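Spelled out from the first residue to the last, the chains are:
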Amino acid sequence: MPVEPAVLAPDDGDREAGPQRPGPVRGDRSAWSTLRPLVLRLHFYAGLLIAPFLLVAATTGLLYAGSFQAERFLYADELRVPAGDRELPVSQQVEAARKAHPRGEISAVRPSPEKGATTRVLLSGVPGVGAGHTLAVFVDPYTAEVRGDLEQYGSTGALPLRTWIDELHRDLHLGQPGRLYSELAASWLWVIAAGGLVLWFGRRRAQRALRGSKGRRRTLSLHGTVGVWAAIGLFMLSATGLTWSTYAGASIGDLRTALDQTTPTVTATVGEHAEHTGAGGAATGGPEGVGLDAVLASARAEGLSNPVEIVPPADASSAYVVRQIQRSWPEKQDAVAIEPTSGQVTDVQRWADYPVLAKLSRWGVDLHTGSLFGLANQIVLAALALSLIVLIVLGYRMWWQRGRGSSFGRPLPRGAWQHVPPYVLVPLMAAIAVLGYFVPLLGIPLAAFLLVDIVWGEIEYRRGRRPVAPPA
């Protein structure tokens, strides 16, 4: 997005006003002409101060976009086997996995989803496996040979390489405190992108031209051109990233709850006290009943095609849960609960019945993580990450080029907000206050910046050095 001076004078706007208070707003000035310096100053400082966080997020996001393909190459021995003529029963494959790894409890089984793919038997409570992770035992579905085992994380089945990159992108391996960095970046990304778009399209066409320009103007034009092309993708990254952030994500969750738009779950409890739960828990070692093969057959009869995950009953009052786990287009998210002693289906949850916001949230997360459209999705994410890195580098270069001599990168003049008419400023401040409440890592830094800027500006003015933004 373009970072430019407050006033586009012949010398590219690098003039500063003297130590004087801004004059009254002329009545013939348009709302945009008074608002533009304010947008410019916000875009400049937001880009300057938030860019380091965005640079980290973009770099780690670029790594994550390539981690899917790297994972398939690095763990090929565990993930792929020569395709055979007939798969063995799932129960026999699980038995082979338990012989190789008797410790821990079976938390889920993911039968081979396609020809040449291994079956995953997921074990929880295995010593040495991180909290919230499982040990995935990979079994050849044609021979029941155990091909290896790897630590797995999340519903997408991320293996060690992708898990490490994912945690680096999400929280820099610092746990919950580290998630503040990514939420801060996501909270401000759309603001910076929107400000840049407004400034770009508000400039005269001749000033946006790249051909024939040089120096800072060329950098600005290149910065703006890249930003305009990447803007929609950056908005998408910001919005989808916020959906599962700590604070803004909680606000979004509260809104979905209030609108009755939460993600539905299948009833996994059988008996008189049935209630909606998650997808069961860890089995205590192969509960008696119809068995995995009959459970899978019942799920297939309900239309649950591959890929699926079978979650054993958590206790005597729980059912098996079989759910589809395909996150690529078209989404497969149907789920059924199956009574363990009779094999009867006790509850069905269809993806088609999900509320609109639940579907949008699912699509948004999968789009952000590169799962929704597979390789094409991952290529687009990599291109967006590279674009953001280029924008940040060009933005800092413009900051460098803006100064002269020892005053490189001097800030834009203060006082722009005092030129905005009340009928524009008051609703704008109200909207920012409401938005800041629901997106606190946008609102709190913005309030802190305004407070520091106002106090520092007053000190500068009293010293006779306060630069004020002239009328646009």
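Residues numbered from 1 in each chain as written. Predicted model: local features only at pLDDT ≥ 70, side-chain atom pairs only at ≥ 80, totals over all residues. Heavy atoms only, no water.

**Student:** Outline a nonpolar patch on the surface, supporting the account with residue identities and numerical values.
**Tutor:** Taken together, the side chains of Leu451, Val452, Val455, Trp456 and Ile459 make up a nonpolar region of the molecular surface, amounting to roughly 470 Å² of accessible area. Within the secondary structure, Val455 is located in helix α13 (residues 440–462). With relative accessibility at 44%, the residue Val455 sits in the partly exposed group. (Patch = residues over 30% accessible without salt bridge, like charges linked within 9 Å, V, L, I, M, F, W, Y side chains within 5 Å. Areas by Shrake-Rupley, 256 points an atom, 1.4 Å probe, with all protein chains shown as cover. Salt bridge = Lys/Arg side-chain N within 4 Å of Asp/Glu carboxyl O. Helix = DSSP H or I, 4+ residues; strand = E, 2+ residues; numbered from the N terminus. Buried < 20%, exposed > 50% of the residue type's maximum accessible area, 1.4 Å probe, protein only.)

**Student:** Explain the pattern of salt bridges to me, using residue names and the numbers behind them.
**Tutor:** Under the definition given, this model contains ten salt bridges. The partner of Asp366 in a salt bridge is Arg327, with the nearest N and O atoms 3.4 Å apart. Remark: Arg327 occurs in the loop between β6 (320–324) and β7 (335–338) and Asp366 occurs in helix α10 (residues 356–369); sequence separation between them is 39 residues. Here the two residues Asp366 and Arg327 agree in accessibility, since each one is buried. Several salt bridges converge on common partners, so that one network encompasses Arg110, Glu309 and Arg323.

**Student:** Describe in detail helix α8 (residues 247–258), supporting the description with residues and values.
**Tutor:** At 3.6 residues per turn, the α-helix brings residues three or four places apart onto the same side. Between its first and last C-alpha, α8 extends 17 Å over twelve residues, near the 16 Å set by a 1.5 Å rise per residue. The inward-facing, buried residues of α8 contact α5 (179–202), α7 (215–242), α10, α12 (422–438) and α13. Note on α8: the residue one or two positions beyond its end, Asp260, has a positive phi of about 55°. (Expected span 1.5 Å × (residues − 1). Contact = heavy atoms within 4.5 Å.)

**Student:** Could you give an account of the packing of α7 against helix α11 (residues 374–402), naming the residues involved and the relevant values?
**Tutor:** At a minimum axis separation of 8 Å, α7 and α11 run at an interaxial angle of 145°. Considering how the two elements wind past one another, α7 and α11 form a crossing that is left-handed. For the contact of α7 with α11, the class distribution of residues is 13 nonpolar, eight polar and three charged. (Axes fitted to C-alpha atoms, helices over the stretch in contact; angles between N-to-C directions. Left-handed = near helix turned anticlockwise from the far one by under 90°. Nonpolar A, V, L, I, M, F, W, Y, C, P; charged D, E, K, R; others polar.)

**Student:** Requested: an account of the nonpolar core, with residues and values cited.
**Tutor:** Core analysis: the biggest nonpolar cluster contains 34 residues, and Ile50, Leu54, Trp188, Leu189, Leu234, Leu237 and Leu388 have the highest contact counts within it. Looking at this core, the elements that each hand over two or more residues are α1 (31–74), α5, α7, α11 and α13. It is α5 that contributes the most residues to this core, nine residues altogether. By size, the runner-up hydrophobic cluster in this structure holds 23 residues, among which are Leu123, Leu135, Val295 and Ala299. (Core = buried A, V, L, I, M, F, W, Y, C linked by side-chain atoms within 4.5 Å.)

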